[in-house]
Structure formats: C-alpha cells, structure tokens
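# Remarks on the overall topology
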Amino acid sequence: MSLARDLLHPTLEEEEKKHKKQWLVQSPSSYFMDIKCSGCYDITMVFSHAQTVAFCIGCSMVLCKPIGRKARLTEGCSFRRKQHQ
C-alpha cells in the first residue's frame, strides 16, 4: 500500500497552507520591514504585525495602520523585508 503524497518531503504549497506551528520547520510569520514614505522618501523601520499607527519621521504622514493581524500600508508607500543578521 502506498500513500498518495510524501509526508517527509511536503511541497511548498502544502507547507504555506499550514499553521506556523504545524510547519516541518517552525518559524515566525512576522518580520521587520523598511517602509519608504511617498512624500519625503524617508525610510522608517516598522514591525509587520504592528498594533499602533506608524508615522513618517520627516513629514508626519501615516505609513501603516493596524487591521488585526498585519499592518496595512497606506497608498503609495513601498516596503522591503529586513534580513536576519
């Protein structure tokens, strides 16, 4: 009797659908990110699951708002994920 799928080597799609504690290798789903302001092009570091509103240091524009799980970026702002050091 053979299984329809390999349990030791799951596909990437199967791993992404699972909860973070059921992944083969557990890791957090949150991260820090650099957000670039669309007004003054200043860069601010923000947590991806921020629970407070983040403002730009240079022009006081709202960069992201909390929406429950993750923070939502405002229109025109761009971000990049910070790498682990």
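What you see is a predicted model, and the numbers here were worked out from it, not measured in a lab. (Residues numbered from 1 in each chain as written. Predicted model: local features only at pLDDT ≥ 70, side-chain atom pairs only at ≥ 80, totals over all residues. Heavy atoms only, no water.)

### Re the sheet that holds strand β3 (residues 54–55)
If you trace the three strands from one edge of the open sheet to the other, you get β3-β4-β5, paired in antiparallel fashion. Two strands in the sheet have a free side with no partner beyond their single neighbour: β3 and β5 (71–73). Two elements, strand β4 (residues 62–66) and β5, share three bridges in a ladder whose sense is antiparallel. Looking at β5, one finds that cysteine 64 is bridged to leucine 73. (Pairing = 2+ DSSP bridges. Helix = DSSP H or I, 4+ residues; strand = E, 2+ residues; numbered from the N terminus.)

### As for a nonpolar patch on the surface
Judged by side-chain polarity, Phe32, Met45 and Phe47 come together as a nonpolar surface patch covering roughly 300 Å² of accessible area. If you trace the backbone, phenylalanine 32 turns up in strand β1 (residues 32–36). (Patch = residues over 30% accessible without salt bridge, like charges linked within 9 Å, V, L, I, M, F, W, Y side chains within 5 Å. Areas by Shrake-Rupley, 256 points an atom, 1.4 Å probe, with all protein chains shown as cover. Salt bridge = Lys/Arg side-chain N within 4 Å of Asp/Glu carboxyl O.)

### Quick word on the pairing of β4
Across two bridges, the pairing between β3 and β4 is antiparallel. By the bridge assignment for β4, phenylalanine 55 is matched with valine 62. In this structure, the hairpin formed by β3 and β4 is closed by a connection of six residues, where serine 60 is found at a positive phi of approximately 60 degrees. The hairpin formed by β4 and β5 contains four residues between the paired strands, and glycine 68 there has a positive phi angle of roughly 120 degrees.

### Examining the environment of cysteine 77
Structurally, the position occupied by cysteine 77 is in the loop between β5 and β6 (78–81). Between the C-alpha atom of cysteine 77 and that of serine 29, which follows or precedes it by 48 residues, the distance is 21 Å. Excluding residues that lie within four positions of it along the chain, cysteine 77 makes contacts with Ile35, Lys36, Ser38, Met61 and Leu63. (Contact = heavy atoms within 4.5 Å.)

### Describing the environment of histidine 49
Inspection of the secondary structure assignment puts histidine 49 in the loop between β2 (43–47) and β3. Residue classification places histidine 49 among the buried positions, given a relative accessible area of 16%. If we ignore the near neighbours within four places in the chain, the residues touching histidine 49 are Ser29, Ser30, Arg69, Lys70 and Ala71. (Buried < 20%, exposed > 50% of the residue type's maximum accessible area, 1.4 Å probe, protein only.)

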